[in-house]
Amino acid sequence: MTKKDISPDDGPSKSSIWGGRFSSGPSQLMQDINASIDYDRRLYRQDIAGSKAHATMLAACDIITDADRDAIHHGLDSILDEITHGDFTFSAALEDIHMNIESRLAELIGEPARRLHTARSRNDQVATDFKLWVRELIDSVDAALAELQGILLRRAEEHADTLMPGFTHLQTAQPVTFGFHLMAYVEMFGRDRGRFADARRRLNESPLGAAALAGTSFPTDRHMTAELLGFDRPAANAMDAVSDRDFAVEFLAAAALCAVHMSRLAEEMVIWCSDRFGFITLSDAFTTGSSIMPQKRNPDAAELVRAKPGRIIGSLNGLLIVLKGLPLAYGKDMQEDKEGVFDAADALGIAIAATTGMVADMTARPDSMRAALTQGFPTATDLADYLVRDLGLPFREAHHVSGSIVAIAAERGCDLDALALADMQAVEPRITADVLAVLSCEVAVAMRRSFGGTAPDEVRARIAEARTRYALDEG
C-alpha cells in the first residue's frame, strides 16, 4: 500500500459505515463538511493506544476472547507502522481518524476488528484521544518552557551587574540591572508552567467506556482502561465525559496568556534592537534584511512571536463560542474543537522555540544601556529616599523637593549627580554633601537589597532560588 492524498471518493459509502439505517450515501457536500481526517489524523497514536487499552480490558472482562485481543493488538501495531512510515491511505469518505483506523483494521484482521467497538462509542473514543493528545502536548510545552527559563536564568546571571534603565510608561524610571529585568520573565513563564500543570491535573480523567452518553450494559472495567492509559481515574459521569471540552479550553487559555508573555518579551527585544536604544543585537540567525534598504537588520523573528497571540487568542474565542450554547451530550459542533487547538499548539510551539533561540542568541551592549541612564533622572527616587531617611522629611514633601531639584537639573542640562550642591541646597538647605553618594546609578542599584529587588547580590540569590523552585539545571 502506498501513501496517497485524501480523496472524498476513497473508501466505502456512508451507508456502509452506518449499516442498515441508511440506504444511500451522503451528498458530496455532506462528505466535505462532515470529514475531519485532514486534521484529526494527528490523533492516530492516541487512537491506537486507546483502542489497545480498550481491547485489553474487553478480554480481561471476558467480553472478547484473548485471541481477538491479540489479533486486534497485532493489527493496530501494523497500522501504526504504516502511518509512521507514510504507507497508510487516508479516506475522507471514512470521515475521521477513528473510522479510518477501524476500517483498515477490518481489512487486516477481519472479524475480530468488528468486536473492538463493543462497549464504546466514537463519542468517548474521540474525547479520550483528544485528552491524550492534549496531555502529551502540555508535557512538551512544559519542557520547552523549562528550557526557556533555563536560558533566561543563564543570561540573567551573566548580567546581574549590567546597569540599564528600568521603565514605566516607556519613560526612564529607576536604574536596574539587565539580569533583574530578565528575571521578571522567568517568573512569568513559571506561572505559565503552573497553569499548564493545573490544566493537566484536571484533564487527567478518562472518558473511555462512557460510550455514547449513558455508559454501557456490558461488564466493563473503566478503572482498568484509565490506568492503562495513564489517567488518574475514570470520569465520574458518562454524560459529562463525552460532553467535556474544558481541557481544550483550559489549554488554549493557558497558551494565550503564555503567548502574551512571549509577545511582551518580543516587543522589548524589538525596542532594544532599535537604533534609538541599541541595548542588544541579534545575529543573522534571527533577523532579516530589506528588499530595498541594504542597511537594514530587521528583528522579524521577534515581530512574528509578537503576532502569535492573535492566532491563539482567536482559537480560544472560537472554541468558547462553539461550546457556549450546546446542550448535553454530544453534538457534531464539537468536531470544531480540534483544529483551533492544533493551530494554537503549532503557533505556541514555534513561538517558544524562537523566543528561546533569541534569548540565547542576543548580545547585550552594556555601554549603551549605561549611557541611557544619563537621561531621564533615574535616581530622583533615591534623592527622595535620602530626604526621608537622612533628613526626616515626610515622603510626600520629599517627593516635592526632589521634583523641584529635578526641574533645576533639567534647566541646567545635567543629571542629578552632576548638579551643584548649592543648587540642591537652594531648594532644601539641610541637604549635605552626603547626598552625592546616593545619586549614582551604581549605588542606587546596590541599595535595593529588599527581597526581589534589583541589587546584584539579590538578583543572584533569586536566580539560585528559581533554579530550585522550578527544578532547572544550571547548564
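This part covers the overall build of the chain. Helices and strands together make up the secondary structure of the chain, namely 20 helices and eight strands. For 475 residues, the compact-globule estimate of 2.2 N^0.38 gives 23 Å, and the C-alpha radius of gyration of the chain, at 31 Å, exceeds that figure by more than 25%. Taken over the C-alpha atoms alone, the chain extends approximately 100 × 55 × 45 Å along its principal axes. With 475 residues in all, the chain has 49% of them scored as buried. Taken as a whole, the chain presents about 21,900 Å² of accessible surface, with 52% of it coming from carbon and sulfur.

The end-to-end C-alpha distance of helix α17 (residues 395-412) is 25 Å, a good match for the 26 Å that 18 residues give at a rise of 1.5 Å each. Turning to α17, its buried residues are A398, V401, S402, I405, V406, I408 and A409. Mapping the buried residues of α17 onto a view down its axis gives an arc of 160 degrees, with all of them on the same face. Every exposed residue of α17 that faces more than 90 degrees away from the buried side is listed here: R396, H400 and E411. Residues of α17 that are buried in the fold lie against α16 (380-391) and α18 (421-427).

A word on the packing of aromatic side chains. Aromatic rings in a pair are described by how distant their centres are and how their planes are angled relative to each other. Enumeration according to the criterion identifies nine aromatic pairs in this entry. Between the aromatic rings of F277 and F279, the centroid separation amounts to 5.2 Å while the plane-to-plane angle is 75 degrees, which identifies the pairing as edge-to-face. Using a relative accessible area of 1% as the deciding quantity, one classes F279 as buried. Within the aromatic cluster, the residues linked to one another by ring pairs are F130, W133, F247 and F342. Taking NZ or CZ as reference, R41 lies 4.1 Å from the ring centre of F90, over its face. The aromatic ring of F130 is capped on one face by K338, whose charged end is 5.6 Å from the ring centroid.

Grouped together as the largest cluster of nonpolar side chains are 99 residues, with contacts concentrated most on V134, F178, F196, F251 and L348. The element best represented in this core is helix α12 (residues 246-273), accounting for 17 residues. Among all residues touching F251, those that are not within four sequence positions of it are V134, L137, I138, F196, V341, A345 and L348. Grouped together as the second largest cluster of nonpolar side chains are 20 residues, A380, Y386, L391 and V435 included.

The pairing of strand β3 (residues 163-168) with strand β4 (residues 171-177) spans six bridges and is classified as antiparallel. Pairing of M164 across the sheet is with V176, part of β4. Hairpin geometry of β3 and β4 is characterised by an intervening segment of two residues between the two adjacent antiparallel strands and by a positive phi of about 55 degrees at H169.

Bringing unusual backbone geometry into the picture now. Of all residues except glycine, most have a negative phi; of all peptide bonds, most are trans. A cis amide bond, omega 15 degrees, links L328 with the succeeding residue A329. Residue position: A329 is located in the loop between α13 (300-323) and α14 (337-361). Backbone geometry at D62 places phi at a positive 60 degrees, although glycine is not the residue there. Mapped onto the fold, D62 is located in the loop between α4 (44-60) and α5 (66-84).

Contact pair α4 / α5: the axes reach a minimum separation of 9 Å and the direction vectors enclose 175 degrees. Judged by the inter-axis angle, α4 sits roughly antiparallel to α5. Contact with α4, carried on its side by Y44, R45, I48, S51, K52, A55, T56 and A59, involves D66, R69, I72, H73, L76, D77, I79, L80, I83 and T84 of α5 and no other residues of that element. Residues that form the contact of α4 with α5 fall into these classes: nine nonpolar, four polar and five charged.

Let's shift gears to the pattern of salt bridges. Tallied over the entire structure, the rule returns 35 salt bridges. Of the charged contacts in the structure, one is a salt bridge between D244 and K131, with a shortest N-O distance of 3.9 Å. Of this pair, D244 sits in the loop between α11 (238-243) and α12 while K131 is found in helix α8 (residues 122-158), placing the two residues 113 residues apart along the sequence. Comparing D244 with K131 shows no difference in burial state: the two are buried. Look at the salt bridges and you will find they share partners, linking D66, R69 and D70 into a network.

With that out of the way, let us pick up the confidence of the model for the chain. The pLDDT averaged across the chain works out to 92; a share of 93% of its residues lies at or above 70. Taken together, the stretch residues 1-15 has pLDDT below 50 and engages in 44 contacts with residues farther than four places along the chain or on a different chain.

This next bit is on a nonpolar patch on the surface. A cluster of nonpolar side chains, L213, M239 and L328, forms an exposed patch at the surface whose accessible area comes to about 260 Å². Note that L213 resides in the loop between β5 (205-206) and α10 (222-228). For L213, a relative accessible area of 36% corresponds to the partly exposed category.

So, on to the side chain of R135. Structurally, the position occupied by R135 is in helix α8. Among the polar contacts made by the side chain of R135, one reaches the main-chain carbonyl oxygen of G230 at a distance of 3.0 Å. With residues up to four places along the chain from it excluded, the contact list for R135 reads R200, L203, N204, L229, G230 and F231.

Here α5 crosses helix α6 (residues 97-109) at 115 degrees, and the two axes come no closer than 9 Å. At the point where α5 passes α6, the crossing takes the right-handed sense. For the pair α5 and α6, contact is made by A71, I72, G75, L76, S78, I79 and E82 and by I101, R104, L105, L108 and I109, respectively. Partitioning the contact of α5 with α6 into residue classes produces eight nonpolar, two polar and two charged.

Inspection of the secondary structure puts Y39 in helix α3 (residues 37-40). Owing to a relative accessible area of 11%, Y39 belongs among the buried residues under this scheme. Beyond its immediate sequence surroundings of up to four residues, Y39 is in contact with Q335, K338, E339 and F342.

Moving on: a negative patch on the surface. Taken together, D38, D333, E336 and E339 make up a surface patch of like negative charges. Topologically, E336 is positioned in the loop between α13 and α14. Given a relative accessible area of 47%, E336 falls into the partly exposed group.

Analysis parameters
Residues numbered from 1 in each chain as written. Predicted model: local features only at pLDDT ≥ 70, side-chain atom pairs only at ≥ 80, totals over all residues. Heavy atoms only, no water. Helix = DSSP H or I, 4+ residues; strand = E, 2+ residues; numbered from the N terminus. Rg over C-alpha atoms; globule rule 2.2 N^0.38 Å. Buried < 20%, exposed > 50% of the residue type's maximum accessible area, 1.4 Å probe, protein only. Areas by Shrake-Rupley, 256 points an atom, 1.4 Å probe, with all protein chains shown as cover. Expected span 1.5 Å × (residues − 1). Arc of directions from axis to C-beta. Contact = heavy atoms within 4.5 Å. Phe/Tyr/Trp six-rings, centres within 6.5 Å; stacked < 30°, edge-to-face > 60°. Lys NZ or Arg CZ within 6 Å of the ring centre and 35° of its normal. Core = buried A, V, L, I, M, F, W, Y, C linked by side-chain atoms within 4.5 Å. Pairing = 2+ DSSP bridges. Axes fitted to C-alpha atoms, helices over the stretch in contact; angles between N-to-C directions. Parallel < 35°, antiparallel > 145°, perpendicular 65-115°, else oblique. Nonpolar A, V, L, I, M, F, W, Y, C, P; charged D, E, K, R; others polar. Salt bridge = Lys/Arg side-chain N within 4 Å of Asp/Glu carboxyl O. pLDDT = per-residue confidence, 0-100. Patch = residues over 30% accessible without salt bridge, like charges linked within 9 Å, V, L, I, M, F, W, Y side chains within 5 Å. Polar contact = N/O pair within 3.5 Å; in protein donor to acceptor, adjacent residues only side chain to side chain. Left-handed = near helix turned anticlockwise from the far one by under 90°. Lys, Arg positive; Asp, Glu negative; His and termini not counted. Charge placed at Lys NZ, Arg CZ, Asp CG, Glu CD.

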